[in-house]
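One-letter residues, chain by chain:
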Amino acid sequence: MPKKRSGGGLSPMQQAAKFLGVSVLAGAVMAGIALPAAGALGLAAKGSVKGFDEIPANLKSPQLSQRTTILDDKGNQIATVYSRDRTVVDLKDISPYVQKAIVAIEDSRFYKHGAVDLKGVLRALNKNAQEGGVAQGASTLTQQLVKNYFIEEAGDDPTKVAEATQQTLGRKIRELKYAIQIEDKLGKKKILENYLNITFFGEQAYGVEAASQRYFSKHAKDLNLQESALLAGIVQSPSRYDPVNDEAEATKRRNIVLQRMAELGDISQQEADQAKEKPLGLHTSRPKNGCITAVKGAGFFCDYVRQVLLTDPAFGKTKEKRAKLWNQGGLTIRTTLDPQAQESAQESIKDHVYKSDAVATAATIVEPGTGKILAMGQSRPYGVNIRNDETTINLSVNHDMGGGVGYQPGSTFKPIVAAAAIEGGKQPTQEYSSPYEMTYPSPVSACDGKVWRDDPGKPTKLTNENEEERGPYGMKEATAKSVNTYYVQLISDIGICPVVDMAKKMGVQRADGRQMRQAPSIALGTQEMSPLTMASAYAAFASRGMYCTPVAIESVTKKVGSQQKSLEVPKSTCSRAMSENTADTVSTLLKGVVEDGTGQEAGLDSRASAGKTGTTDERYAAWFVGYTPNMAGAVWVGDPQHKRKMTGITIGGVPYDKVYGGKVPGPIWRDMMSGALEGKPAPDFHLIDIPDDTDDEDDRGRDDRGDHHGHNGNNGDTTGQVIGGLIGGPTDGGTGNGGANGDATGGGIGGTFPTPTFSIPENFIQGQGNGGNNGTGGRRH
């Protein structure tokens, strides 16, 4: 700090600084400070919000960040989200006490001076020069309003915020320039209104209406004298005078404001003294921000909506524009969420899987023919408190939309193989030998003229559920029983490419965004998928072959002034994935699964339903994906980190020796869909007459797990591998390998790939590793 001269005078340096500062500021003021051209503020936001529409066109105000409200399809509120918790109100909706208090403590000469209080500037400069630092400010409310413009434009960028608040002469000059123009165009009342709507009051509250709600749970128009004085006092230092965390300091500051109001004649001394004696009278409300506040367990759906806003070009051509739209808020987003379906999904999840269980579940419902997402829930609640079993990873969606890297769907992929075969001309009566045990047929044609080949030295083996499952089988019984060898023979017959093409038409893609690997093992569900992907794919069967991309948003409106402006929203794109006959045939096949196949526990008694079970190797994941003509849903159960096998496990308070698709996911799906469909029409499928297979053995209703532990493994409990080198891509002459140890399955969280609990031979993915000797089959039913 510069030192004073002896005798109390200013040093030459201080005198020079004072003279220079006064000269520059006074000269600028007296000259009228010619304003720069449009856009000098750097505030490019188009339009304005209530209370800022009178600012001249060559001085754009920032689009004030306000809360965004997310609604379900009935108009009920799901959640509110915001970068700034703010509700803009007119001056008439702000208590006169607040207006007087803020002027009294922040700029008592507000109604007497222009944009710049020259008397106050000179007084502050003199005081600061005497102190050798910044001891006193001289900003008028108008200047503070301009400063808040810069802060609002800076958003959450710390560098820009620092630039907007830096204590430099250049910034003060810039504030003065804009303050003069605003003062000339708006007038005192509008300036005061704008200031009270933009300034920060602490506790995440921006603007006086949000502050009034936060501290007193009432509207700003209803604030009394002492409440108004408290809020006005907070503005100078929201952290220091925070009444929630330091009642004593906040009380002192409030009383200073009250005394100042009395000195200015805004209130009598008696009124001030009486108000000083009263307690703060806080009636706080917790900040309610973000998807964590979502009702009916819709936090993950809320987050999915946020992801859509941030990634879909419909909301802006660039990442930055979309982020700005979301952060500025002021949106009303009406979604596709059906409150009845959502509540039913979450209740079913809670009944069957506890949030503290070693494994989790995720479920999604979509509407066939529209792609609308009707429900999305999971057992682990939305949040950041890991100790409370919370997570922000959306287990229902792909990685790029906030999910993990997916989970192998097992035999729930088989209907896609059936659809590809039928669409290509195969009859549902097509029989294959379907032995209990076999090696993969080789070679098998793939896309682009490529060929997949197994390792002739160590061919990969697979088996069915048990030794009694021996063909020949036709498609109907093979689907009901989920016969592995039938479907491997089927894909080997028609080739890999028709299956890949059908999957693409049905919107089936890997959850991690990678390309589908072309290998016969794809028939047994070795590619990691998300529940939303599988539900949307099965919806194509329900809608008789029409696939519709999933959508979560019905409409978006943005508050612009006193008007609501409608924004363009992404629409579902529907296209024909297969013929009506193919879809109806698959529905006939899958109806048999829930009637007398592996999915009997998922069947709906009151209406037509169809679906397929799936359980993966080592029981890391179990599925049921099914549909009625008017709803399709997918349920996954497993360990998101792919570490816990579902054997000898308790889920939802029920002990299970082994978990499979028909036993845990199936009942979740049944209860979820029953509640979601209650009171809704119950149309029938368009079924196809498929003759029964000649082999009429009554051996249905067994589980879908394909459990080969101990059947043919030389060492008893094998890994039951069905993949081996088959997950390697097609080659033009290379070889694949067998293997007892399986492929690396998905299900990681946070975008990471989990380390399998088993080893993978070197060069395994390229089909060059050494095959294991003990693997005999796969749990792909």
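Note: the structure precedes this text.
I will try to describe carefully the structure that is included in this document. (Residues numbered from 1 in each chain as written. Predicted model: local features only at pLDDT ≥ 70, side-chain atom pairs only at ≥ 80, totals over all residues. Heavy atoms only, no water.)

1. Some remarks on the sheet that holds strand E2 (residues 77–81)
For step 1, the next point in the chain: Strand order in the open sheet formed by five strands is E2-E1-E3-E11-E12, and the pairing between neighbours is mixed. Unpaired on one side and paired on the other, E2 and strand E12 (563–567) mark the two borders of the sheet. Looking at each pair of strands side by side, their axes are set apart by 20° on average, direction ignored.
For step 2, the next point in the chain: In the sheet, strand E1 (residues 68–71) pairs with E2 via four bridges, with the strands oriented antiparallel. (Pairing = 2+ DSSP bridges. Helix = DSSP H or I, 4+ residues; strand = E, 2+ residues; numbered from the N terminus. Axes fitted to C-alpha atoms, helices over the stretch in contact; angles between N-to-C directions.)

2. Remarks on the packing of aromatic side chains
For step 1, the next point in the chain: By the definition in use, this model includes 13 aromatic pairs.
For step 2, the next point in the chain: Taken together, a centroid distance of 4.1 Å and an interplanar angle of 20° make the contact between Tyr 407 and Trp 636 stacked. One end of the pair, Tyr 407, is in the loop between strand E5 (373–378) and helix H15 (414–423); the other, Trp 636, is in strand E16 (residues 631–638), and 229 residues separate them in sequence. Residues Tyr 407 and Trp 636 agree in their burial class; the two are buried.
For step 3, the next point in the chain: Measuring from ring centre to ring centre gives 6.2 Å for Phe 541 and Tyr 627, while their planes differ by 40°; the resulting arrangement is tilted. With Phe 541 in helix H19 (residues 531–542) and Tyr 627 in strand E15 (residues 621–628), this residue pair connects regions lying 86 residues apart in the sequence.
For step 4, the next point in the chain: Phe 541 sits in the buried class, given a relative accessible area of 1%.
For step 5, the next point in the chain: A cation over an aromatic ring shows up here: Lys 188 above the ring of Phe 110, its NZ or CZ 4.4 Å from the ring centre. (Phe/Tyr/Trp six-rings, centres within 6.5 Å; stacked < 30°, edge-to-face > 60°. Buried < 20%, exposed > 50% of the residue type's maximum accessible area, 1.4 Å probe, protein only. Lys NZ or Arg CZ within 6 Å of the ring centre and 35° of its normal.)

3. Focus: the packing of H15 against helix H17 (residues 484–494)
For step 1, the next point in the chain: At their nearest, the axes of H15 and H17 sit 10 Å apart, and the two run at 40° to each other. The pairing of H15 with H17 is recorded here as oblique in orientation. Seen from above, H15 lies across H17 with left-handed handedness. Contact residues: Lys 414, Val 417, Ala 418, Ala 420 and Ala 421 in H15; Asn 484, Tyr 487, Leu 490, Ile 491 and Ile 494 in H17. (Parallel < 35°, antiparallel > 145°, perpendicular 65-115°, else oblique. Left-handed = near helix turned anticlockwise from the far one by under 90°. Contact = heavy atoms within 4.5 Å.)

4. Some words on the sheet that holds E16
For step 1, the next point in the chain: With antiparallel pairing, five strands are arranged side by side in an open sheet as E5-E4-E16-E15-E14. Each edge of the open sheet is held by one strand with a lone partner, namely E5 and strand E14 (610–615). Adjacent strand axes in the sheet meet at a mean angle of 5° when their direction is disregarded.
For step 2, the next point in the chain: With five bridges connecting them, strand E4 (residues 360–366) and E5 associate as antiparallel partners. Its bridge partner lying in E5, Ile 365 is registered against Ala 375.
For step 3, the next point in the chain: Relative to the sheet, helix H21 (residues 665–677) contacts E4, E14, E15 and E16, its axis offset from that of E16 by approximately 145°.

5. Examining the environment of Glu 580
For step 1, the next point in the chain: Along the polypeptide, Glu 580 turns up in helix H20 (residues 580–596).
For step 2, the next point in the chain: Separated by 40 residues in the primary sequence, Glu 580 and Ala 540 place their C-alpha atoms 9.9 Å from one another.
For step 3, the next point in the chain: Among the polar contacts listed, one links the side chain of Glu 580 to the side chain of Arg 544, at a separation of 3.3 Å. (Polar contact = N/O pair within 3.5 Å; in protein donor to acceptor, adjacent residues only side chain to side chain.)

6. Quick look at the state of the cysteines
For step 1, the next point in the chain: For the structure shown, the criterion picks out three disulfides.
For step 2, the next point in the chain: Bridging Cys 447 to Cys 497, the disulfide has an S-S length of 2.1 Å. Measuring the twist about the S-S bond at about 105°, one finds the Cys 447-Cys 497 disulfide to be right-handed. Here the residue Cys 447 occupies a position in the loop between strand E7 (444–445) and strand E8 (451–452), and Cys 497 occupies one in helix H18 (residues 496–505), the gap between them amounting to 50 residues.
For step 3, the next point in the chain: Shown here is the disulfide that connects Cys 548 with Cys 574, its sulfur atoms set 2.1 Å apart. For the disulfide bridge between Cys 548 and Cys 574, the dihedral angle about the S-S bond is near 110°, and by the sign convention the bridge is right-handed. Taken together, the residues Cys 548 in strand E10 (residues 546–548) and Cys 574 in strand E13 (residues 574–576) connect sequence positions 26 residues apart.
For step 4, the next point in the chain: Residue classification places Cys 548 among the buried residues on the basis of a relative accessible area of 6%.
For step 5, the next point in the chain: For Cys 574, a relative accessible area of 37% puts it in the partly exposed group.
For step 6, the next point in the chain: Cysteine pairing for the chain, with bonded cysteines counted in sequence order: 1-2, 3-4, 5-6. (Disulfide = S-S within 2.5 Å.)

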